[in-house]
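Listed here are the chains, written in short residue letters.
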Amino acid sequence: MLSRTEHHHHSHRHLVDMFDAGERADEAGAVDAIVVPTIRHPRWLTHAIHLAGAISCPLVSLHSRWSDAGQAAGWMPHNVDFLAIDIGDPDGLNLPDFATTALLRGTPFPRTTDLSAKRNTALVLARLMGWRRIVFLDDDIEVGSPQDVTRAAELLDSYDAVGMQIDGYPDNSVVCHAHRETGGYQDSFVGGGALAVETTRSPSFFPNVYNEDWFYLLTDASLRRLAVTGKVKQRPFDPFDQQVRARDQELGDVLAEGVYWLLDKDPQQGWKPATDPAHWICFLDARDRFIADILDRVRQLPVDDRRRRAMESSLLAARGRLHRIEPDFCVAYLKAWLEDRRRWGDHLNAIPQLGPHPQDVMKWLIKDGATTLRWWKSLRFAY
């Protein structure tokens, strides 16, 4: 049960094993591929291209919307092996029909991005290619050094996933950005924007909801073996430029924070009490008081401050969406997620390991009858 005086957990860092950037400096692990999901111009791949070249591993870029795989192929230097894929319609990808996605359909909460579909497709690709260690890297993330990536890969001998610590501009939800900017302490947690994963142990997936990476890090009962090392920087952006961002994040932020709240309290007990509506009755009340407290601080800023108005609009949008989330719906989502974990495991077990033959692999990335994917590769990539 939540304490009535608790509104928010400002950090979950104690749930992971931390390794300073200098630790294990002489140890390096092999990286089978760097995977970058992108919707932007290929110039946003520049850092990932240099990184892949520095550690001599393939770069896989997954494109949609304003991004084009063929154009990206033209940006690739001769010393980098690459596979660039236009994802197209996510419904045509060879992924299960997730219960979590179906649950959100027809509600105020569906998420229209294809980020989770791209990351799940990368996991299928890894199974097909026989890749054990891949590194997810967002196109707005810059890694401190190539050694940070290879040290993270080395730790995958002992951990299921290894994050790289966000330095510089923090990786948080809009609500948590407002909390920090109005004087609250707010840490950031492991995220899919810079995450090394071991693909053959304890298979997991990314649900189509905000904080999908936090769900990827969970087991059926608790948290996967997780470490953090190295440093990465996220390019700054304005979290308050569109109030729709805060509104669309709220369900995923509530679900993830509500689950990790329980892990903070007792990692051994795990998160299973989140399948009881009583937990969510208390947590949703705490979340409401947390946003109300931030709003009070925002409203103490100068009235003519444009940023104050943007922050207030975003927080009101988040709070409005929060008031539409019911405890029973949170329980239903987690039960659907557990069902999806089993479905995902069965799906991966049915995927063959074809080895490095992209022509054959591409056929397995789409459902029967779906439109063939457009893709480009370097002459040296695989066979």
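The structure presented is a predicted model; accordingly, all values stated were derived computationally and were not measured.

Calculation criteria
- Residues numbered from 1 in each chain as written.
- Predicted model: local features only at pLDDT ≥ 70, side-chain atom pairs only at ≥ 80, totals over all residues.
- Heavy atoms only, no water.
- Core = buried A, V, L, I, M, F, W, Y, C linked by side-chain atoms within 4.5 Å.
- Buried < 20%, exposed > 50% of the residue type's maximum accessible area, 1.4 Å probe, protein only.
- Helix = DSSP H or I, 4+ residues; strand = E, 2+ residues; numbered from the N terminus.
- Contact = heavy atoms within 4.5 Å.
- Axes fitted to C-alpha atoms, helices over the stretch in contact; angles between N-to-C directions.
- Left-handed = near helix turned anticlockwise from the far one by under 90°.
- Nonpolar A, V, L, I, M, F, W, Y, C, P; charged D, E, K, R; others polar.
- Parallel < 35°, antiparallel > 145°, perpendicular 65-115°, else oblique.
- Phe/Tyr/Trp six-rings, centres within 6.5 Å; stacked < 30°, edge-to-face > 60°.
- 1 Å grid on protein atoms, 1.4 Å probe; cavity = no way out; pocket = protein on both sides within 12 Å on 5 of 7 lines; lining within 4 Å.
- Points joined across faces, edges and corners; volume = space filled by probe spheres on them.

Draft legend 1. Layout of the nonpolar core. Formed by 86 residues in total, the largest nonpolar core has its most connected members in Leu 217, Tyr 260 and Trp 280. Among the elements that take part in this core, helix 8 (residues 243–265) stands out by supplying 10 residues, more than any other. Beyond its immediate stretch of four places on either side in the chain, Leu 217 contacts Ala 161, Phe 189, Val 190, Leu 195, Leu 223, Arg 224, Leu 226 and Tyr 260.

Draft legend 2. Quick look at the environment of Asp 304. Mapped onto the elements of the fold, Asp 304 is located in the loop between helix 9 (277–298) and helix 10 (306–322). Its relative accessible area of 66% is what places Asp 304 among the exposed residues. In sequence terms Asp 304 and Lys 363 are 59 residues apart; their C-alpha atoms lie 57 Å from each other.

Draft legend 3. Quick peek at the packing of helix 1 (residues 46–55) against helix 5 (residues 146–155). Contact pair helix 1 / helix 5: the axes reach a minimum separation of 9 Å and the direction vectors enclose 65°. Crossing angle aside, the handedness with which helix 1 passes helix 5 is right-handed. Note on element contacts: helix 5 touches helix 1 through Pro 146, Val 149 and Thr 150, opposite Leu 51, Ala 54 and Ile 55. Of the residues in the contact of helix 1 with helix 5, the class split is 5 nonpolar, 1 polar and no charged.

Draft legend 4. Examining the packing of helix 6 (residues 174–181) against helix 9 more closely. The geometry of helix 6 relative to helix 9 is characterised by a closest axis approach of 9 Å and an angle of 45° between their N-to-C directions. Taken as axis vectors, helix 6 and helix 9 run oblique relative to one another. Taken as a pair, helix 6 and helix 9 cross one another with a handedness that is left-handed. Residues Val 175, Ala 178 and His 179 of helix 6 pack against Arg 287, Phe 290, Ile 291, Ile 294 and Arg 297 of helix 9.

Draft legend 5. The packing of aromatic side chains, seen in detail. Counting across every chain of the model gives 15 aromatic pairs. Aromatic pair Phe 98 and Trp 344: ring centres 6.2 Å apart, planes at 40°, arrangement tilted. Here the residue Phe 98 occupies a position in the loop between strand 4 (82–86) and helix 3 (99–104), and Trp 344 occupies one in helix 11 (residues 327–349), the gap between them amounting to 246 residues. Pair check on accessibility: Phe 98 and Trp 344 agree, each one buried. Between Phe 189 and Trp 214, the aromatic rings sit 5.3 Å apart at their centres with planes inclined by 75°, giving edge-to-face as the arrangement. Remark: Trp 214 occurs in helix 7 (residues 212–216) and Phe 189 occurs in the loop between helix 6 and strand 8 (194–198); sequence separation between them is 25 residues.

Draft legend 6. Main features of unusual backbone geometry. You will see that Ser 56, though not glycine, has its phi angle at about 55°, which is positive. Judged by its relative accessible area of 67%, Ser 56 falls in the exposed class. In this model, Arg 65 sits at a positive phi of 55°, which is unusual for a non-glycine residue. Mapped onto the secondary structure, Arg 65 falls in the loop between strand 3 (59–63) and helix 2 (69–75). Classification of Arg 65 as exposed rests on a relative accessible area of 57%.

Draft legend 7. Representation of the layout of surface pockets. By volume, the second largest pocket amounts to about 570 Å³. If you trace the second largest pocket, you find 24 residues lining it, with Pro 90, Asp 91, Thr 101, Arg 105 and Asn 208 closest to the centre. Of the residues contributing to the lining of the second largest pocket, the split by class is 10 nonpolar, 7 polar and 7 charged.

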